[in-house]
Amino acid sequence: MVFNIQRYCIHDGPGIRTTVFINGCPLKCFWCQNPEGQSIRPQIFLNKDRCTGCGRCVSACPKGIIEIFGGKSRTNRDVCDGCGKCVEACPNEARSLVGRWVSAEEVFDLVKKDYIFYEKSGGGVTLSGGDPLAQPEFSIAILKLCKDNNIHTAIETCGHAPWKTVKEVLQYVDLVLYDFKHMDPEKHKQYTGVSNNLILENVKRICHELSKPVWARIPIIPGYNDSPDNIESTAKFIKELGKSIQQVNLLPYHRLGETKFERLEKEYPFSIEPPSEEHLTNIKKIFNLTV
Ligand code: SF4
Ligand code: SF4
């Protein structure tokens, strides 16, 4: 299951890339930019501005889980199986379905169209998400097709998966984009739902046992993981990973995920402002990045 395939990406690895967003993630970060990709099932996006409360979706839903509340439709998402009947019934295109089942071959047929751009720019294919390790067989099937056809491969992962899965998938991966969200296991659990123990253990093995090239990716979330203490311990940990670390990328928090939470009829769990330029400059200095 994928929830997006984006061509001509330039921030998900080297060169021009196609990024395939694979459903499923073991983490539930407060600041998630792609909440529609957290679960491995299709999700209904509701655009409330378009909803007139006509009730056609209510009659169309075989599970009887839609009601009209305050003049707008409302869905019990715990029971929704993503059949799409309500989407077909809506006359105002207020509802859409995000996430679809595709074969690895279908994905590959699409990504291979840009082979010439990959070749000229040193690009390739990146599996992101969600998390590609949440659907390992599917990810391996896509990656294998890419490698068999001489296309550079990358995955973007939070790293929370059994080592056996990580190792199997990485056989077909040229570059790993690895997320570091917090160095304190308790805070990591509080903000993402899981401890960082497995994540940090896995990245050590990726670097020291497999010697895979890694780009460290650090979301900068003001008030959550941007204290000097946490930034310094993240920088220290990454330095100790050695030569495998090819780049460190800071990913400043932005509010683009907020609209997606609204469309999923979920409350946006917090409200903060993106980090200032000055703050980012100070963080870059700690990582010895060019400012
Ligand atoms: S996708 Fe199907 S089950 Fe889900 S709300 Fe729409 S009609 Fe009901
Ligand atoms: S069918 Fe569309 S416009 Fe009518 S209540 Fe449902 S979502 Fe709203």
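Being a predicted model, the structure only gives us computed values, none of them experimental.

Rules used throughout
Each chain carries its own residue numbering, running from 1 in the direction its sequence is written. Lettering of chains starts at A and numbering of ligands starts at 1, both following the order in which they are written. Under the rules for a predicted model, residues below a pLDDT of 70 receive no local features and side-chain atom pairs below 80 are neither given nor counted, while totals for whole chains, interfaces and linings still include all residues. Heavy atoms throughout the structure, all of them, feed into the side-chain values; hydrogens and water do not. Summary of the distance rule: residues count as near a molecule or strand when at least one heavy atom falls within 4 Å of that molecule or strand. By the convention adopted, Pro, Cys, Tyr, Trp, Phe, Met, Ile, Leu, Val and Ala count as nonpolar, Lys, Arg, Asp and Glu as charged, and the other residues, Gly among them, as polar. Classification of residues uses two cut-offs on accessible area relative to the type maximum, computed with a 1.4 Å probe and protein chains only: under 20% is buried, over 50% is exposed, and between them is partly exposed. A helix here means a DSSP run of H or I that spans at least four residues, while a strand means a run of E at least two residues long, and both kinds are numbered starting from the N terminus. Pairing between strands is defined by DSSP: at least two bridges between the two strands are required. Whether a crossover is right-handed comes down to one check: with the strands pointing away from the viewer, does the path from the first strand over the helix to the second run clockwise; if it does, it is right-handed. As a rule, the C-alpha atoms of each element are fitted with a line to give its axis, helices using only the stretch in contact, and angles between N-to-C directions run from 0 to 180 degrees. Angles are sorted into four bins: roughly parallel if under 35 degrees, roughly antiparallel if over 145, roughly perpendicular if 65 to 115, and oblique for all others. Helix crossings fall into two classes, left-handed where the near helix is turned counterclockwise from the far one by less than a right angle and right-handed where it is turned clockwise. Contacts: residue pairs with any heavy atoms within 4.5 Å of one another. Between rings of Phe, Tyr and Trp, where Trp is taken as its six-membered ring, a pair exists when centres lie within 6.5 Å; planes separated by under 30 degrees are stacked, by over 60 edge-to-face, and by other angles tilted. What qualifies as a polar contact is a pair of N or O atoms within 3.5 Å, subject to a donor-acceptor requirement within protein and to the restriction that residues adjacent in sequence count only when both atoms come from side chains. Each nonpolar core is a collection of buried residues, namely Ala, Val, Leu, Ile, Met, Phe, Trp, Tyr and Cys, held together in the definition by side-chain atoms within 4.5 Å. Domain start and stop points were drawn from an automatic or database domain assignment. Buried surface area refers to the total accessible area, computed with a probe of radius 1.4 Å, that the two partners give up upon joining, counted for both partners together. The salt bridge criterion pairs a side-chain nitrogen of Lys or Arg with a carboxyl oxygen of Asp or Glu, the two atoms within 4 Å.

(A) Inspection of the site of ligand 1 at higher detail. Lining the immediate environment of ligand 1, one finds 13 residues, of which Cys-61, Cys-80, Cys-83, Gly-84 and Cys-86 sit closest. Residue classes in the shell around ligand 1 are distributed as eight nonpolar, three polar and two charged.

(B) Representation of the pairing of strand β8 (residues 152-157) within the structure. With respect to burial, β8 is a largely interior element, five of its six residues being buried. Alignment of strand β7 (residues 124-129) against β8, held across four bridges, turns out to be parallel. From the neighbouring strand, Gly-124 faces β8, where its bridge partner is His-152. Once you follow β7 into helix α5 (residues 136-148) and on to β8, the crossover reads as right-handed. As defined by bridge partners, β8 adjoins strand β9 (residues 175-179) across four bridges and the pair is classed as parallel. Each bridged residue has a counterpart across the sheet, and for Ile-155 the counterpart in β9 is Val-176.

(C) Region of interest: the packing of helix α3 (residues 104-111) against α5. As a packed pair, α3 and α5 sit with axes 9 Å apart at the nearest point and diverge in direction by 40°. Taken as axis vectors, α3 and α5 run oblique relative to one another. For the crossing formed where α3 meets α5, the hand is right-handed. Contacts from Ala-104, Glu-105, Val-107, Phe-108 and Val-111 in α3 reach Phe-138, Ala-141, Ile-142, Leu-145 and Cys-146 in α5. Classifying every residue of the contact of α3 with α5 by side-chain character gives nine nonpolar, no polar and one charged.

(D) Layout of the site of ligand 2. Taken together, the neighbourhood of ligand 2 is formed by 14 residues, with Cys-51, Cys-54, Gly-55, Cys-57 and Cys-90 sitting nearest. For the shell around ligand 2, the residue count by class is seven nonpolar, five polar and two charged.

(E) Representation of the packing of aromatic side chains in the model. Tallied over the full model, the rule gives nine aromatic pairs. Seen from their ring centres, Tyr-178 and Phe-180 are 5.6 Å apart, and the 50° between their planes marks the pair as tilted. By relative accessible area, Tyr-178 is classed as buried at 0%. Measuring from centroid to centroid gives 4.9 Å for Tyr-191 and Tyr-224, while their planes differ by 75°, and the two rings are edge-to-face. In this pair, Tyr-191 is assigned in helix α7 (residues 185-192) and Tyr-224 in the loop between β10 (214-220) and α9 (228-240), connecting sequence segments 33 residues apart. With relative accessibility at 9%, the residue Tyr-191 sits in the buried group. Each member of the aromatic cluster is reached from another via a ring pair, and the members are Phe-30, Trp-31, Tyr-191 and Tyr-224.

(F) Summary view of the environment of Asn-230. Note on placement: Asn-230 falls in helix α9. Residue contacts for Asn-230: discarding those within four places in its chain leaves Lys-181, His-182, Met-183, Asp-184 and Asn-225. Looking at Asn-230, its side chain comes within polar contact range of the main-chain oxygen of Asn-225, at 2.9 Å.

(G) Representation of the nonpolar core within the structure. With 63 residues, the main nonpolar core has Val-20, Ile-155, Phe-180 and Phe-287 as its most contacted residues. Setting aside anything within four residues of it in sequence, one finds Phe-287 in contact with Ile-218, Ile-231, Thr-234, Ala-235, Ile-238, Val-248 and Leu-250. Cys-61, Ile-65, Cys-80 and Cys-86 belong to the second-largest nonpolar core, a separate cluster that totals seven residues.

(H) Layout of the domain arrangement of the protein. When the domains of the protein are assigned, the result is domain 1 (2-38 + 100-290) and domain 2 (43-98). One C-alpha centre belongs to domain 1, the other to domain 2, and the line joining them spans 32 Å. Each partner contributes to the interface: domain 1 provides seven residues, whereas domain 2 provides ten residues. Where domain 1 abuts domain 2, roughly 810 Å² becomes buried across the two surfaces, and 56% of that area is made up of carbon and sulfur atoms. Of all residues in domain 1, Arg-263, Leu-264 and Glu-265 give up the largest surface area on contact with domain 2, accounting jointly for 71% of the area buried on that side. Joining domain 1 to domain 2, the criterion identifies one salt bridge.

(I) Layout of the pattern of salt bridges. The full count for this structure, using the stated rule, is 16 salt bridges. In this structure, Arg-7 and Asp-114 form a salt bridge, with 2.9 Å as the shortest nitrogen-oxygen distance. Residue Arg-7 is found in strand β1 (residues 2-9), and its partner Asp-114 is found in the loop between α3 and α4 (115-121); the two are separated by 107 residues along the sequence. Taking the relative accessible area as the measure of exposure, Arg-7 reaches 33% and is therefore partly exposed. The class of Asp-114 is buried, set by a relative accessible area of 1%. For Lys-63, the salt bridge identified is with Asp-81, shortest N-O distance 4.0 Å. On the criterion of sequence distance, the pair formed by Lys-63 in the loop between α1 (56-60) and β4 (66-69) and Asp-81 in the loop between β5 (72-75) and α2 (85-89) is long-range, its members being 18 residues apart. Counted as one network, the salt bridges with shared partners bring together Asp-12, Glu-156 and Arg-217.

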